[in-house]
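# Overview (structure and organization)
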Amino acid sequence: MEKAVGELRAAFAGHPMQVVESPCGGAYVLIEDVPLGGPFAQATTWVGFFLTNACPEADTYPFYVRPDLSRTDGAALKAPPLHGGHRWPPEVPAMAERPAVMVSRRQNNQACWGRESPLAKLQAVLKWMKNQ
């Protein structure tokens, strides 16, 4: 997991990033001011997710973003995979729980999750969001 966190820190250098270890050996990750734009009215978002203790052998899923996410054209968010009404992270005293939109972009369940790093998965999710 240290390698995954290091890759995330390098890719998002200059962005506030908080990592809080969980009792199970995983970690909650929060990255602020991630560029968004595209079809969304917001230029940036925060992104939160959980790295399991099996990282990098497990899928990084789901991701959470700002609760006021909206499209510039006024169209509704595509549900699924964008789901409002969530909170992130649950029960983590070191992080302020916040309202969120869940981004449920799981890869093919038949694929080997260990081949996609948390950074690669996050980048794929952000690319998908910008191409909506």
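Our subject is the structure listed above.
Okay, so let's go over this structure. (Residues numbered from 1 in each chain as written. Predicted model: local features only at pLDDT ≥ 70, side-chain atom pairs only at ≥ 80, totals over all residues. Heavy atoms only, no water.)

Before going further, it helps to examine the nonpolar core. Judged by nonpolar contacts, the single largest core of 26 residues is most densely connected at L8, I31, V47, F49, V103, L122 and M129. For this core, the secondary-structure elements that each account for two or more residues are α1 (2-11), β2 (27-35), β3 (44-51), β4 (63-65), β6 (98-103) and α2 (118-130). By residue number, the principal contributor to this core is α2, which donates 6 residues. Leave out the neighbours within four places in its chain, and V103 touches P62, F63, V65, P81, L82, V125, W128 and M129. Core analysis: the second largest hydrophobic core is formed by 10 residues, W46, V92, M95 and A100 among them. (Core = buried A, V, L, I, M, F, W, Y, C linked by side-chain atoms within 4.5 Å. Buried < 20%, exposed > 50% of the residue type's maximum accessible area, 1.4 Å probe, protein only. Helix = DSSP H or I, 4+ residues; strand = E, 2+ residues; numbered from the N terminus. Contact = heavy atoms within 4.5 Å.)

Here we take up the packing of aromatic side chains. This model, assessed by the stated rule, comprises 5 aromatic pairs. Summarising the aromatic geometry, the rings of Y28 and W88 are spaced 6.2 Å apart at their centres and angled 65 degrees between planes, so their arrangement reads as edge-to-face. Residue Y28 is located in strand β2, and its partner W88 is located in strand β5 (residues 82-88); the two are separated by 60 residues in the primary sequence. The class of Y28 is buried, set by a relative accessible area of 16%. (Phe/Tyr/Trp six-rings, centres within 6.5 Å; stacked < 30°, edge-to-face > 60°.)

This brings us to α1. Within α1, burial applies to A4, V5 and L8. One side of α1 carries all its buried residues, which in axial view fall inside an arc of 95 degrees. Those residues of α1 that are exposed and angled more than 90 degrees off the buried face are E2, K3 and A10. Taken together, the buried residues of α1 touch β1 (17-21), β2, β3 and α2. (Arc of directions from axis to C-beta.)

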